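Remarks on the overall topology
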Amino acid sequence: MVVANIVQSVTMALRQELARDKNVVVLGEDVGVNGGVFRATEGLQKEFGANRVIDTPLAELSIVGCAIGMAVNGLKPVAEIQFSGFVYAAFDQLLSHAGRIRMRSRGRFTCPLVLRAPYGGGIKALELHCESGESIFAHIPGIKMVIPSNPYDTKGLLAAAIRDPDPVIFYEPMRIYRAIKQDIPEKEYIVPLGKANIAQEGDDLTLIAWGAMVKTCSDAIEKLNNKYSVELIDLRTINPYDAETIINSVKKTGRCVIVHEAIRTSGFAAELIASINEKALLSLEAPVVRVTSPDVPFPLAKLENYYLPDVNRIIKGIEKVMSF
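Because the structure is a prediction, the values reported are computed rather than measured.

Cut-off values and rules
- Residues numbered from 1 in each chain as written.
- Predicted model: local features only at pLDDT ≥ 70, side-chain atom pairs only at ≥ 80, totals over all residues.
- Heavy atoms only, no water.
- Helix = DSSP H or I, 4+ residues; strand = E, 2+ residues; numbered from the N terminus.
- Buried < 20%, exposed > 50% of the residue type's maximum accessible area, 1.4 Å probe, protein only.
- Contact = heavy atoms within 4.5 Å.
- Areas by Shrake-Rupley, 256 points an atom, 1.4 Å probe, with all protein chains shown as cover.
- Lys, Arg positive; Asp, Glu negative; His and termini not counted.
- Charge placed at Lys NZ, Arg CZ, Asp CG, Glu CD.
- Phe/Tyr/Trp six-rings, centres within 6.5 Å; stacked < 30°, edge-to-face > 60°.
- 1 Å grid on protein atoms, 1.4 Å probe; cavity = no way out; pocket = protein on both sides within 12 Å on 5 of 7 lines; lining within 4 Å.
- Points joined across faces, edges and corners; volume = space filled by probe spheres on them.
- Pairing = 2+ DSSP bridges.
- Axes fitted to C-alpha atoms, helices over the stretch in contact; angles between N-to-C directions.

1. Here's the deal with the overall build of the protein chain
Counting secondary structure elements, the protein chain contains 12 helices and 14 strands. Each principal axis of the C-alpha distribution contributes one length, and for the protein chain these read about 60 × 40 × 40 Å. Every one of the 324 residues in the protein chain was classed for burial, and the buried ones make up 58%. Once local pairs closer than 6 in sequence are excluded, the contacts in the protein chain between residues at least 24 apart make up 82%. Accessible surface computed for the protein chain: about 13900 Å², of which carbon and sulfur atoms make up 53%. In the protein chain, the 36 positive side-chain charges and the 37 negative ones have mean positions that sit 2 Å from each other.

Now the structure itself:
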């Protein structure tokens, strides 16, 4: 076992998969010599060589396009985009090609591509650095969307994503990159894609979150000081998401609050609520409440704390559901 944070867990997973499979390659801006903007790939080029850990030009469209070509031809590229807001430059490649290769070729080709990107707010970065666009990519057939919330899951989910035969977008919550440390097995392990984690069991209310918001929800539960028995679900995989775990929990508790950093309109909470309404409506004791960011572009640093869901807003959402 080794004590690691999320950044270190990313490095461990990449090192593990590079050593395990000669077809795995890493590419992106500054991932080689500099080890990435957050140092998640530090030391990997020196260990595995410049042919497998590749510094690229500052051109996201080219990075993803090249990665798709590599994947279709038998490699397993892990492409890093420095910040999630820069992924949009490569949206056409992801929508028109990566997600369609299997169908377009009638199964003759797959696209085992992983696109890694730091995402979310909380670090007071510049414009286009803190986007939470997970629901946009969850809407693309053929692409999986994964967001870990802790170091253990990060290593296991990233390993599973690299081994997956289809494209996976892997968003890493910057806000808690170094805020959480856990004991991580040094040996290989995977956390299956598409399976949520019940981080805390409870009977009164189901609280669903992913990424950095899982920690914020845990802080809110702690601040409530056992006022309610809250079941906290870490979704982990946005697409495909674990509907069974959510529905079973809501049927047990009868109440639900969903928390995410993305804007409210068409955020992924809306999809979860639709699923709950379709499969557990008669179990609900109150309407499902969303705690989200407002429908405006991500603000600059001084307004960041007003924009993001926080402990008090989550508690307010819980109280609204419990008092219905």
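2. Here's the deal with the packing of aromatic side chains
By convention here, two paired aromatic rings are described through the distance between centres and the angle between planes. With the rule as written, the count across this model stands at 11 aromatic pairs. With a centroid separation of 6.2 Å and 80° between ring planes, the pair formed by Trp 210 and Phe 268 is classed as edge-to-face. With Trp 210 in the loop between strand E10 (205-209) and helix H8 (212-224) and Phe 268 in helix H10 (residues 268-280), the pair connects residues that are 58 residues apart, well separated along the chain. Exposure class is identical for Trp 210 and Phe 268. Each is buried. Clustering of aromatic rings is evident, with ring pairs tying together Tyr 88, Phe 91, Tyr 119, Phe 137 and Tyr 171.

3. A word on empty space enclosed by the protein
It is the rolling of a water-molecule-sized probe over the atoms that shows where space remains empty. Inspection of every chain in the model, using the stated rule, returns 1 cavity of 30 Å³ or more. Quantified by volume, the largest cavity comes out at close to 30 Å³. Along the walls of the largest cavity sit Gly 36, Val 37, Phe 38, Arg 39, Ala 40, Glu 80, Arg 116, Pro 118 and Tyr 177, which together make up its complete lining.

4. Some remarks on the sheet that holds strand E13 (residues 256-263)
The 5 strands are arranged E9-E11-E10-E13-E14 in an open sheet whose pairing can be described as mixed. This sheet does not close on itself; its edge strands, each paired only once, are strand E9 (197-200) and strand E14 (289-293). Strand after strand, the sheet turns through a mean of 25° between neighbouring axes, direction not considered. The pairing of E9 with strand E11 (residues 230-234) spans 3 bridges and is antiparallel. What sits directly across from Gln 200, in E11, is Leu 232. Packed onto the sheet, H10 meets E10, E13 and E14 and runs at close to 155° relative to E13.

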